[in-house]
Each structure stands twice: as C-alpha cells, then as structure tokens.
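Here is what each chain is made of, one letter per residue.
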Amino acid sequence: MRALALVLSLLAGPAAAQTCGGSFSAFVDQLRAKALERGHDRATVDGFFRGTRRDADVIAADRRQGHFQRNFIDFSDRLIAQYRVDNGKYYARQLDSLFDRIEARYGVSRGVLLAFWAFETDFGQVQGDYNTRDALVTLAHDCRRPDLFRPHVFAAIELFARGDFDPGTTTGAWAGEIGQVQMLPEDILTNGVDGDGDGRVTLKTSSADALMSGAAMLSDLGWRANEPWLQEVRVPDTLDWSLTGLDQPRPTSDWAARGVTARTGDLRRDLDGALLLPMGRKGPAFLAYPNFNVYFEWNKSFVYVLTAAYFANILEGAPRFDPGTPDPGLSGPEIIALQEKLVARGYDVGGVDGIIGAMTRDAVQKEQLRRGLPADAWPTRALLDAL
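Keep in mind it's a predicted model, so treat the numbers as computed, not measured.

**Re the sheet that holds strand E6 (residues 272-276)**
Read across the sheet, 5 strands follow the order E4-E6-E7-E3-E5 without closing on themselves; strand pairing throughout is antiparallel. Looking at the sheet topology across the chains shown, the edges are occupied by strand E4 (250-251) and strand E5 (261-262). Judged from the 2 bridges that link them, strand E3 (residues 230-234) and E5 form a sheet pairing that is antiparallel. Bridge assignment links Val233 to a residue of E5, and that residue is Ala262. Of the strands in this sheet, E3, E6 and strand E7 (286-288) are in contact with helix H14 (residues 302-315), which crosses E3 at around 90°.

**Considerations on the nonpolar core**
Ranked by size, the top nonpolar core spans 101 residues in total, and within it Leu230, Phe292 and Tyr295 carry the most contacts. Among the elements that line this core, the one with the most residues is H14, at 12 residues. In this structure, Leu230 is in contact with Leu276, Phe286, Leu287, Ala288, Tyr289, Phe292, Leu306, Ala309, Tyr310 and Asn313, ignoring residues within four places of it in sequence. By size, the runner-up hydrophobic cluster in this structure holds 15 residues, among which are Leu239, Trp255, Leu267 and Leu277.

**Some points on helix H2 (residues 42-49)**
Residues Thr44, Val45, Gly47, Phe48 and Phe49 constitute the buried set of H2. Of the surrounding secondary structure, the elements contacted by the buried residues of H2 are helix H1 (24-37), helix H8 (132-141) and helix H9 (146-161). Structurally, the start of H2 carries an N-cap: the backbone nitrogen of Ala43 is 3.1 Å from a side-chain oxygen of Asp41. Where H2 ends, the next residue or the one after it, Gly51, has phi of about 85°, a positive value.

**Let's talk about the state of the cysteines**
A covalent bond between the sulfur atoms of two cysteines is referred to as a disulfide. If you walk through the whole model with that rule in mind, you get 1 disulfide. With its sulfur 2.1 Å from that of its partner, Cys20 forms a disulfide with Cys143. Linking Cys20 and Cys143, the disulfide has an S-S dihedral of approximately 105° and is accordingly described as right-handed. Note that Cys20 is positioned in the segment before H1 and Cys143 in the loop between H8 and H9, a separation of 123 residues in sequence. Judged by relative accessible area, Cys143 falls into the partly exposed class, the value being 45%.

**Looking at the pattern of salt bridges**
A side chain of one charge can pair with a side chain of the opposite charge when the charged atoms of the two come close. Counted according to the given criterion, the structure contains 31 salt bridges. Here Asp164 makes a salt bridge to Arg200, at a shortest N to O gap of 3.3 Å. Here Arg200 lies in the loop between helix H10 (185-191) and helix H11 (207-220) and Asp164 lies in the loop between H9 and strand E2 (171-172), a separation of 36 residues in the sequence. Residue class for Asp164 comes out partly exposed when judged on its relative accessible area of 38%. Put simply, Asp385 and Arg381 hold a salt bridge, and the shortest N to O gap is 2.9 Å. Pair noted here: Asp385 and Arg381 are both in helix H17 (residues 381-386), with a separation of 4 residues, about one helical turn.

Cut-offs applied
Here, residues in each chain are numbered from 1, in the same order as that chain's written sequence. Per-residue local features of the predicted model are confined to residues with pLDDT of at least 70, and side-chain atom pairs are confined, for both listing and counting, to 80 or more; whole-chain, interface and lining totals are unaffected and use all residues. Side-chain metrics in this entry use all non-hydrogen atoms of the structure; hydrogen atoms and water are not considered. Two strands are said to pair when DSSP picks up at least two bridges between them. Under the scheme used here, helices are H or I runs from DSSP no shorter than 4 residues and strands are E runs no shorter than 2 residues, and both carry numbers assigned from the N terminus. In this analysis, two residues are considered to be in contact whenever any of their non-hydrogen atoms come within 4.5 Å of each other. For helices, the fitted line uses only the C-alpha atoms of the stretch in contact; every axis is such a line through C-alpha atoms, and the angle between N-to-C directions lies from 0 to 180 degrees. Each nonpolar core is a collection of buried residues, namely Ala, Val, Leu, Ile, Met, Phe, Trp, Tyr and Cys, held together in the definition by side-chain atoms within 4.5 Å. For every residue, the accessible area (1.4 Å probe, protein chains only) is compared with the maximum for its type, and the residue is labelled buried under 20%, exposed over 50%, or partly exposed between those bounds. N or O atoms within 3.5 Å of each other form a polar contact, as long as, within protein, one can give a hydrogen and the other can take it, and as long as residues adjacent in sequence are counted only when both atoms are side-chain atoms. Two cysteine sulfur atoms form a disulfide, by the criterion used here, when they sit within 2.5 Å. Any carboxyl oxygen of Asp or Glu within 4 Å of a side-chain nitrogen of Lys or Arg constitutes a salt bridge here.

Printed below as a string of structure tokens:
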C-alpha cells in the first residue's frame, strides 16, 4: 500500500473527544459533525455515512503484511512473473499513443506506469472488493495510523458530493485505494485527470484516466521529467562499501571514477546517484537516481520500491538483474533478534518487525563499520553472532 505522509488537523471540539479508538458509533458521529463543519449539507453527510460499519477484515489485512519480510531476490522473483512482463509489453503496444501523450505532458516513462499498473491491480483485473468508505473509516478509527486515513474520509465525502463516489458500492483495496493504479481519495481530488475525454475521472473503468492520473500524481510528488530512476551497475570488489546506501547519493561521475560501471548502456554522469546493494556486496547492485526517491511517496517498502523500479526497466528492454552470489540472509525470527540487539545498543531500526527496511540497513551498516566488517548494510549470521 502506498503510504503518503499526510498529516492534517485532528478533530475540533471538546478535549474529551477522541481522535481515534473508543466507541465506533461515537467516532462516526464525530466525523459527521466535522463534515458538517466543513460545509457539507446534512443530506450529503447522512447519505455518505448511512450503513457505515467497522470492517474487521481491513484491520486483519493491515496487520498481515509478512510478504515484505522477503529478501529482494525472492520478492522480485515472485512479483516480476513472466505473465506480467508479457502483459506489460502488450499494453505498451496497445496504448502506445496514450503513453506518448503522458510522456509529453508529464515526462513519466511508460515503463514506470506499466510496472505500477501491474503490481497494484494486474492491469486493472484485480482492484479489490473492500468497501472503500468502510475501509477508510475503519482505519481512521484504528489508532495505528489515524492521521494518514482521516483526511481521505473527508476527501471521499467531497467526491460523493460531486457525484463521483458511491459510498455503498465503491470498492477497492483494504487500505482505501481506488481504481486501476490504486489512488486514495485525496489524491484523486488533487491529481485525478480525465484521460479519455469523457468529462469524468473514472479510475476503476478507464485505463486512460487511471494512467494519466497516476502520472499526474508522480509529477506532483516531485518526479523529474525525462530522467532515469534506477540502473543496474557492476561494482569493483575494492569499493568502499561504507559509501553505499540510499541516504548517501554522490555525483555519478564520482562513482564512475571509483570503478562503478553500467551493466547496459551508460551512466548518467550529470546526475547524482545512490549505490544500492539490497543483498550486500556480493548480490545485485543498482544506482538510484533522484526520481527513485519519489517511489517512496507511493509505497514505503524498500523491497517493493526497488522491485517496481527495476520492473519498469525490464518493461523498457533491460535484462533481468544479475542476482550474483550473496551471502545467505537471516530468517524472519533472526532479523527480529538482530533488530532487538541493535536497539539495545542504541540504534533506531524503525521498529522491531522482521523487515530489513532503510533504518535497519542504516543501523547494520554503522555496526559493521564499527566492527571493521565490510559495511554493505546486508545483515548476515556472522553479524548476528557477533552481536
């Protein structure tokens, strides 16, 4: 799920009012009151919330995201299935003129959008069957991330008032995303585009609307037109591994001077790039250009973002990445044990969750450097044993 860092004001009202949790019906009543304060008429508010229920399946789905515990090679092998490659190339041909328009208007390459389209809904075939209103209200009520979902409840009310959202029948993903590229209501309000010229933005049934809107959103999030996002590279064994990592971009010309070369094509020496080693110095290696950071505004998972970005390359003719021969990784319980030991030593790993995210990688790299180990940010059994 794409998790934008959206923080808007909490409920106005008496100090006793709860901004999450507590009685679900009382919470819905608070949302009703706030919607009226925002200028919606009572008929609209009543119509939107009529029949709202807490969806326990949404909460279960929110807590069940163990696939992000897979390592990059395993995760990408599962997602970049051959049928997705074949379908992506088919739609690239079928919608060639649409992608030409998108690229001319937003500078977002077709491979980027095709990869998102594939991973989010299998090109519109699997859009989710959760009631969107109930999912949004449920997650706003839940106290894990209420500030993320609360604004989207009010955005959905605005879409309903405009006649573009049916609270009783609109369905989508468990986290409230709608349509073929899975956009949240506030993003639809901001970046929804009528791509097929019928006067409406219908992201569930119109591929043109969905893809044009997705490109508009990427542009709004800071996508730099007509620039690359990710490139597979080869790295020398003598590289200073402590220079690698998403938070350490350098001029690409500097990486070239250190012996980093493109596996195919040429490096963009006019750009900065961060050298990523998702499975350590013996595994695949990528140079992440500035546009790569925009992916994290769509989804916060490192393995998902890296897989989506490289799948875009494959859809534009790049070979499958070279997996190399990485050192064996840790199991889920071992990663948790590692995170616990790092936390005990004062590191912030972003949560003990069994997922090797950016903050865990940073902590691993610092500990490797402190111990005189190759600081490639890949946690191995040797490091766990040392800790």
